[in-house]
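Okay, here's what each chain looks like letter by letter:
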Amino acid sequence: MASESRNASKKSLYVFGDYLLMLIFPSAISVWYYGLPALRTLGISILTGFLFDFILSVIIYKKYFAADLSTLCSSIMIALMMPADIPVYIPAFACGFAVAVIKIPFGGGMKAPFVPAASGFAFVAVCFKDAVFNYTAGRDYMYSSSLASMLAQGRSMKITLANLMDILIGNIRGPMGTGCIIVFFACMIFLLIRRREALISTAGFLVTCIVFAIIFPRTEGSILSSVVLELSAGSLLFASVFLLTDYSTLPEYKRDKLAYGVFCGIICMVMRRLAAFEEPVCFAVLLANAFSPLLDIFTKRVLTFMHKNSRKKEVFSNE
Amino acid sequence: MNENASFGKRMLNTAFKNNPVLFQCAGLCPVIAGTSTLKDSLFISAVLSIDLILSAIIASALLKKIPRYIRIAVYLVLGLAIIYPVLWFIENKTLVEITLGIRIIIPLIAVNSLTAMHCETYSVKHKTGDSLVSSVCTAIGASAVIIICGILREIIGKGSIAGYPLEIKTTLVTMSMPFGCLIVLGFMAAVLKALQRSPGRYESSSDDSPLHPEEIALDIEQEEAPESVDLVIADYEEIDSILSSTDVFLKSLTGPSGESGGDDE
């Protein structure tokens, strides 16, 4: 029992420590681009997350564990998916929801059935749609609207070396911490070293999105521009690295992880074309979370059935 | 439930300790669909109560000798037979306005699980008087939850109460949606469960002796409810040292042959 709990606590620190390390870079870039508003949004999110975590732990008579990094990670993720100049109560509501409705009632960040950050963001996206997708902060950008908004309206842009660099370094309108693509590729390399299996779902997700972008382009330009714009719009890459690889919601088996990623990718791309939100990736992740245990159950049943069949064959061959 | 107990005790037991909506999850469909405002929830609770009480009386008086598999169907027909006259009366003989949303939800009340469950588990096994008292207690318990849910959802989701606007600048639209009701019900169940706990159960311990290593490990995992509320401020090094001390202690307990389990990482 003690060794199990030791392993669980070590695993929690290992997983969320990695996330925290990865989240430092997009946070720093958001502060670099947006300055004080980004810092304020990050600060409010972290503070609210900790406050809710502490108060609810006291209310339900659980020892508050300051080194539990799941709340910190969720709070930073929520802040990074918001516009920098968002009213402060919105990230506060999102973090409160993530902790009070998703994290604490289900027994902590390692047991939550839905990704807390995605849930918090989805909650405020429904409540305060206009504010959550209103990207006006920052300097004068080349394009007046975000890439996700451009794609939603069917507008396109020609990909040149100059604007490709802007897209790669996140110098475009959008959520404050999900624009810099280079950082997410670096995070993927980091995950490849630390938690290789988690990247299977990310790979499935990204490949599905690319295939969708090729088959059903929303731009009038080339296939390359369709793929680049779909991948770099909104929080898609951010979600593929941070939300889709969440430890508690990821299926157990490799093939299930792949199926989970593909499923999430299909939902995300369908929602991008049909839903009322310009960036529905969080809703897609939540929907995929709901199906994640079913994937595990299905695979376990199939494996048990195959094992039984192989045992029967062995018995018959021995006889 | 003890039939000889007083009405107050039976009420406490049925409406508070074993609330049919919060703890048995019965009749959730009309509750979720029809409690976005106080007016709607009052209407739903009134119709649900009439349906439940009349069904329970009829079930205990007439349906005892009918086979079980037929009784279930009879409850549903009975529900429709009770609700439609009530609805007709409200529409034609009173000034109450029935909204379109409520019109859709009313048939759900006729087939709700709360009535069928209460009739099947209690009414058909007891006398009519007992069944009446029990159904009244159940109806009050369910109605209380429905009305509180309606009040909370209207205040948080629409910033008003019974249609009168309150001075609330920020409202959460999601609370008017069905999933908002599930969240409210979840928190209400948690609060009710917490109120039912004996107050001395979590009184802080006066024992200041150091924790047993297994207890430390349990606290780190946060699986068990601890005896007292303390702050554990720890960082990586502290946790590592605690865990290693736990390991050493367990090894000393189990001896050289004892296995403490390997680290998967």
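Up top is the structure.
Since the model is a prediction, treat every value here as computed from it, not as a measurement.

Enquirer: Looking at this structure, how should I read the overall build of chain A?
Expert: Counting secondary structure elements, chain A contains 14 helices and one strand. Taking all 319 residues of chain A together, 57% fall into the buried category. For chain A, contacts bridging at least 24 residues in sequence account for 77% of all contacts bridging at least 6. Put simply, chain A shows about 13700 Å² of open surface, and 69% of that area lies on carbon and sulfur atoms.

Enquirer: What am I meant to see in the overall build of chain B here?
Expert: Broken down by element type, chain B carries ten helices and three strands. Listed N to C, the secondary structure of chain B is α-α-α-α-α-α-α-β-β-α-α-β-α in terms of helices and strands. Taking all 265 residues of chain B together, the buried fraction comes to 39%.

Enquirer: Help me understand a nonpolar patch on the surface in this model?
Expert: On the surface, a nonpolar cluster with roughly 590 Å² of combined accessible area is contributed by A:Leu47, A:Leu51, A:Phe54, A:Ile55, A:Val58, A:Ile59 and A:Ile60. Positionally, A:Leu51 belongs in helix H2 (residues 36-59).

Enquirer: Please clarify how the packing of helix H3 (residues 38-62) of chain B against helix H7 (residues 128-158) of chain B should be interpreted in this entry.
Expert: When two helices pack together, their arrangement is given by the angle between their axes and by how far apart the axes lie. Residue and element names in this part refer to chain B. Direction vectors running N to C along H3 and H7 enclose 165°, while the axes themselves pass 8 Å from each other. In terms of their interaxial angle, H3 and H7 are classed as roughly antiparallel. Where H3 crosses over H7, the handedness of that crossing is right-handed. Here the residues of the contact of H3 with H7 are counted per class, giving 16 nonpolar, ten polar and one charged.

Enquirer: Hey, could you run me through the environment of A:Lys103 in this one?
Expert: Residue and element names in this part refer to chain A. Summarising the element assignment, Lys-103 is placed in helix H4 (residues 89-103). A relative accessible area of 5% means that Lys-103 is categorised as buried. Between the C-alpha atom of Lys-103 and that of Pro-116, which follows or precedes it by 13 residues, the distance is 6.4 Å. Beyond its immediate chain neighbours, meaning those up to four positions away, Lys-103 contacts Asp-53, Asp-68, Ser-70, Thr-71, Ala-98, Gly-108 and Gly-109.

Enquirer: How do you make sense of helix H12 (residues 236-243) of chain A when you look at a structure like this?
Expert: Side chains of residues three or four places apart in an α-helix project in the same direction, reflecting 3.6 residues per turn. Within H12(A), eight of the eight residues are buried, which leaves it mostly tucked inside the rest of the structure. Burial in H12(A) covers these residues: A:Leu236, A:Leu237, A:Phe238, A:Ala239, A:Ser240, A:Val241, A:Phe242 and A:Leu243.

Enquirer: What's the story with helix H4 (residues 68-93) of chain B in this structure? I'm lost.
Expert: All names here are of chain B. With 26 residues, H4 ought to run about 38 Å at 1.5 Å a step, and its terminal C-alpha atoms sit 37 Å apart, in line with that. Buried within H4 are the following residues: Arg-71, Tyr-75, Leu-78, Gly-79, Ile-82, Ile-83, Val-86, Leu-87 and Ile-90. Considering only its buried residues, H4 is in contact with H3, helix H5 (100-110) and helix H6 (113-121).

Enquirer: Honestly, the pattern of salt bridges in this entry has me stumped. Any pointers?
Expert: It is possible for side chains of opposite charge to pair when their charged atoms get near one another. Residues and elements named next belong to chain A. Taken as a whole and assessed by the stated rule, the structure comprises twelve salt bridges over all chains. In this structure, Arg-194 and Asp-18 form a salt bridge, with 3.0 Å as the shortest nitrogen-oxygen distance. Here Arg-194, found in helix H9 (residues 181-194), pairs with Asp-18, found in helix H1 (residues 2-34); they are 176 residues apart in sequence, far enough to count as distant. A salt bridge links Lys-254 to Glu-197, with the nearest nitrogen and oxygen atoms 3.9 Å apart. Placement of Lys-254 in helix H13 (residues 254-274) and of Glu-197 in the loop between H9 and helix H10 (198-215) is noted, with a sequence separation of 57 residues between them. Looking at Glu-197, the relative accessible area reads 39%, which means it is partly exposed. Among the ionic contacts, a cluster of salt bridges with common partners joins Arg-218, Glu-230, Arg-272, Arg-273 and Glu-279.

Enquirer: What exactly am I supposed to notice about the packing of H2(A) against H4(A) here?
Expert: Residue and element names in this part refer to chain A. Two numbers describe how H2 lies on H4: the axes approach to 8 Å, and their chain directions differ by 30°. As far as their axial angle goes, H4 and H2 are roughly parallel. Between H2 and H4 the crossing geometry is right-handed. In this structure, H2 uses Thr-41, Ile-44, Ser-45, Thr-48, Gly-49, Phe-52, Asp-53 and Leu-56 to contact H4, whose residues at the interface are Pro-91, Ala-92, Cys-95, Gly-96, Val-99, Ala-100 and Lys-103. In the contact of H2 with H4, the residues fall into eight nonpolar, five polar and two charged.

Enquirer: Just to check I follow, could you spell out the packing of aromatic side chains for this structure?
Expert: Any aromatic ring pair is given by two values, namely how distant the centres are and how the planes are angled relative to each other. All names here are of chain A. Overall, the coordinates contain 14 aromatic pairs over all chains when judged by the stated rule. Taking the centre distance of 5.8 Å and the plane angle of 80° together, the rings of Phe-184 and Phe-238 count as edge-to-face. Highlighted residues: Phe-184 in helix H9 and Phe-238 in helix H12, separated in sequence by 54 residues. Given a relative accessible area of 1%, Phe-184 falls into the buried group. Residue class for Phe-238 comes out buried when judged on its relative accessible area of 0%. Ring centres 5.4 Å apart and planes at 50° place the aromatic pair Phe-212 and Phe-216 in the tilted group. Judged by relative accessible area, which is 16%, Phe-212 ranks as buried. Taken together, Phe-16, Tyr-19, Phe-184, Phe-238 and Phe-242 form an aromatic cluster joined through their ring pairs.

Enquirer: Would you explain the side chain of B:Arg153 in this entry?
Expert: All names here are of chain B. Of note, Arg-153 is situated in helix H7. We note that Arg-153 is buried and unpaired, the nearest opposite charge coming from Asp-40 at a distance of 8.7 Å. Here the side chain of Arg-153 touches Met-177 through a polar contact of 3.0 Å, landing on its backbone oxygen. Among residues more than four places away in sequence, those in contact with Arg-153 are Val-31, Ile-32, Thr-35, Ser-36, Lys-158, Met-175, Ser-176, Met-177, Pro-178, Gly-180, Cys-181 and Val-184.

Conventions we followed
Residues numbered from 1 in each chain as written. Chains lettered and ligands numbered in written order. Predicted model: local features only at pLDDT ≥ 70, side-chain atom pairs only at ≥ 80, totals over all residues. Heavy atoms only, no water. Helix = DSSP H or I, 4+ residues; strand = E, 2+ residues; numbered from the N terminus. Buried < 20%, exposed > 50% of the residue type's maximum accessible area, 1.4 Å probe, protein only. Contact = heavy atoms within 4.5 Å. Areas by Shrake-Rupley, 256 points an atom, 1.4 Å probe, with all protein chains shown as cover. Patch = residues over 30% accessible without salt bridge, like charges linked within 9 Å, V, L, I, M, F, W, Y side chains within 5 Å. Salt bridge = Lys/Arg side-chain N within 4 Å of Asp/Glu carboxyl O. Axes fitted to C-alpha atoms, helices over the stretch in contact; angles between N-to-C directions. Parallel < 35°, antiparallel > 145°, perpendicular 65-115°, else oblique. Left-handed = near helix turned anticlockwise from the far one by under 90°. Nonpolar A, V, L, I, M, F, W, Y, C, P; charged D, E, K, R; others polar. Expected span 1.5 Å × (residues − 1). Phe/Tyr/Trp six-rings, centres within 6.5 Å; stacked < 30°, edge-to-face > 60°. Lys, Arg positive; Asp, Glu negative; His and termini not counted. Polar contact = N/O pair within 3.5 Å; in protein donor to acceptor, adjacent residues only side chain to side chain.

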